[in-house]
Amino acid sequence: MLFLYSIVLPLYALLLRLVAPFVPKAAQWVQGRRNLLPHIQEALRHETAPLAWFHCASLGEFEQGRPLMEAYVARHPGHKIVLTFFSPSGYEVRKNWPGAAYVFYLPLDTAEHARTFLDAVHPTLAVFVKYEFWYYFLTELRRRGIPAICVSAIFRPEQAFFQPWGGFFRRILSRFTHIFTQNQASVDLLRRAGIAHASVAGDTRFDTVVRTASAPPRALPLVDAFTDDWAPVFIIGSSWPEDMPALTPLLHQYADQLRFIVAPHEISETNLRLVEHALPGRVVRYSQATGATVAESRVLLMDNVGLLSQLYRFGHYAYIGGAFGKGLHNTLEAAAFGLPLFFGPTYYKFQEAQDLVELGCAFPISSADELLTAFGPLYHREEARLTVQDLSLDYVHDHSGATGKIMSWLDSEVVG
């Protein structure tokens, strides 16, 4: 299996190079790794501070790891963070994040790359967020005696680690010093597979969203003007084209009663026009809006990035996109403001989404009719919406604290 693993990764890199001229993300992945290791060596050549290495696959994992990185630097101000990403969608957005002293792409996982990277970084600690399991990097970390932990992990029985033929993948997990999971079910799975160095800490994203919801709000005068008439606001966050057939009838039926703020996951011209065509003449783009034009519109279309987590404070309800396609996007940002949530049918991989559905705070739907049916009672009965609000806020606050648990372990077992 190791032989196959060592062949598949270079073939994957070759495939990305072949499609790079036609696929922008593949081009970013390839370009970002050109002369990567010499760049890392040069960047770190004169660094003398202790370095903690945090690795995230993409932007979602960064948001999970962010509270831990910030807590680590606050607790150890003489240390610095080296942050790596596998995906361009993480690196390109966060390459200038001030919380990290250095931000790089992750070199391809080979034995030589792992040795060269660790020779350059000399980390005192390595933290992998949620789903990143790289054999050679973890093996070399263990060989050097460098503590390596995985945080906010969640495991399911169908994964390769828990299959009769999954010995190689279980060996990867055995390289970690400790694995912090989101739930007890994951710990039970690991222990049945012979992985004993695991415990429940929870999901660090809860700490992020609690802090965002309680922080002083960012000034957004255009959004203030849009919501100035006190009409209920329905936030549509991280929508994909696949979500629009379910959303369009709601937009039409409630156009005169609600105001909608739509933040597509990708702000391509095609996606923006898809929203504009759903409610012609009543949509204004954020970049083109004025105080006067937003007041006359019923849909504020966000054609920028980075504001979504701030927009939920204006909302009364939220639809979270992605679950009609590859998978649901972040529900916790909206839940932290107590919004009743709606999303498509593909949500089973997300513990918090399952929890919110069981609590009656979130409503999975498979069609436009189901969305209208689920939304109606919450819109027409304010007490029902306020009940959801209270349950959602309690859930988010009750599940915060994962960062503190992990930091306590690090202080006692590693840094201390």
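Values in this document were obtained by computation on a predicted structure and should not be read as measured data.

Novice: Can you walk me through the environment of Gly-237 in this structure?
Specialist: Mapped onto the secondary structure, Gly-237 falls in strand E8 (residues 233–239). Gly-237 sits in the buried class, given a relative accessible area of 0%. Distance in space between the C-alpha atoms of Gly-237 and Gln-64 is 18 Å, their sequence separation being 173 residues.

Novice: It is not clear to me how the pairing of strand E6 (residues 178–181) should be interpreted in this structure. Could you clarify?
Specialist: Strand residues, when the strand is regular, have side chains that alternate between the two faces of the sheet. The two faces of E6 match: His-178 and Phe-180 on one face and Ile-179 and Thr-181 on the other face are all buried. Sheet topology note: the strand E5 (residues 148–153)/E6 ladder contains three bridges and is parallel. Among the inter-strand pairings, Ile-149 is bridged to a residue of E6, identified as His-178. A crossover links E5 with its parallel partner E6, the connecting element being helix H8 (residues 167–174), and its sense is right-handed. Both E6 and strand E7 (residues 198–200) contribute to a ladder of three bridges, which runs parallel. Pairing of Thr-181 across the sheet is with Val-200, part of E7. In this view, the connection linking E6 to its parallel neighbour E7 by way of helix H9 (residues 184–192) has right-handed handedness.

Novice: How do you make sense of the packing of aromatic side chains when you look at a structure like this?
Specialist: Each aromatic ring pair is characterised by the separation of its centres together with the angle its planes make. Considering all chains together, one arrives at 40 aromatic pairs under this definition. Summarising the aromatic geometry, the rings of Phe-168 and Phe-169 are spaced 5.4 Å apart at their centres and angled 75° between planes, so their arrangement reads as edge-to-face. In this structure Phe-168 comes out as buried when scored by relative accessible area, which is 4%. Arg-33 extends its terminal NZ or CZ atom over the ring of Phe-86, reaching a point 5.2 Å from the ring centre. Above the ring of Phe-226, the side-chain terminus of Arg-259 is found at 4.9 Å from the ring centroid.

Novice: What exactly am I supposed to notice about the pairing of strand E9 (residues 259–264) here?
Specialist: Within E9, six of the six residues are buried, leaving the element largely enclosed by the surrounding structure. Residues of E9 alternate between two faces, with Arg-259, Ile-261 and Ala-263 on one and Phe-260, Val-262 and Pro-264 on the opposite face, all of them buried. As paired elements, E8 and E9 share six bridges and run parallel to each other. Counted as the bridge partner of Ser-239 is Pro-264 from E9. For the segment spanning E8, helix H12 (residues 244–253) and E9, crossover handedness is right-handed. Examined bridge by bridge, E9 and strand E11 (residues 299–301) share three bridges and lie parallel to one another. Note that in E11 the partner of Ile-261 across the bridge is Leu-300.

Novice: Is there a simple way to explain the environment of Leu-272 in this structure?
Specialist: Along the polypeptide, Leu-272 turns up in helix H13 (residues 269–278). Residues Leu-272 and Asp-303, spaced 31 residues apart in sequence, show a C-alpha to C-alpha distance of 7.3 Å. Ignoring anything within four residues of it in the chain, the contact list for Leu-272 reads Pro-264, Ile-267, Arg-285, Leu-301, Met-302 and Asp-303.

Reading the values: the criteria
What you see as residue numbers is a count from 1 along each chain, following the sequence as written. Residues qualify for local features only when their pLDDT is at least 70, as the model is predicted, and side-chain atom pairs are given and counted only at 80 or more; totals for whole chains, interfaces and linings, by contrast, use all residues. The side-chain values count all of the structure's non-hydrogen atoms but skip hydrogen atoms and water molecules. The secondary structure listing takes helices from DSSP runs of H or I that are at least 4 residues long and strands from runs of E that are at least 2 residues long, numbered from the N terminus. With a 1.4 Å probe rolled over the protein chains alone, any residue whose accessible area is under 20% of its type maximum counts as buried; one over 50% counts as exposed, and the rest are partly exposed. A pair of strands is labelled paired if DSSP reports no fewer than 2 bridges between them. By definition, the crossover connecting two strands over a helix is right-handed if that path, from the first strand to the second, turns clockwise as seen with the strands pointing away from the viewer. Note on ring pairs: Phe, Tyr and Trp rings are taken, using the six-membered ring of Trp, and paired if centres are within 6.5 Å. Classes follow the plane angle, with under 30 degrees stacked, over 60 edge-to-face and the rest tilted. Whether a charge lies above a ring is judged from NZ of Lys or CZ of Arg, which has to be within 6 Å of the ring centre and within 35 degrees of the ring normal. Two residues form a contact once any of their heavy atoms are found within 4.5 Å.

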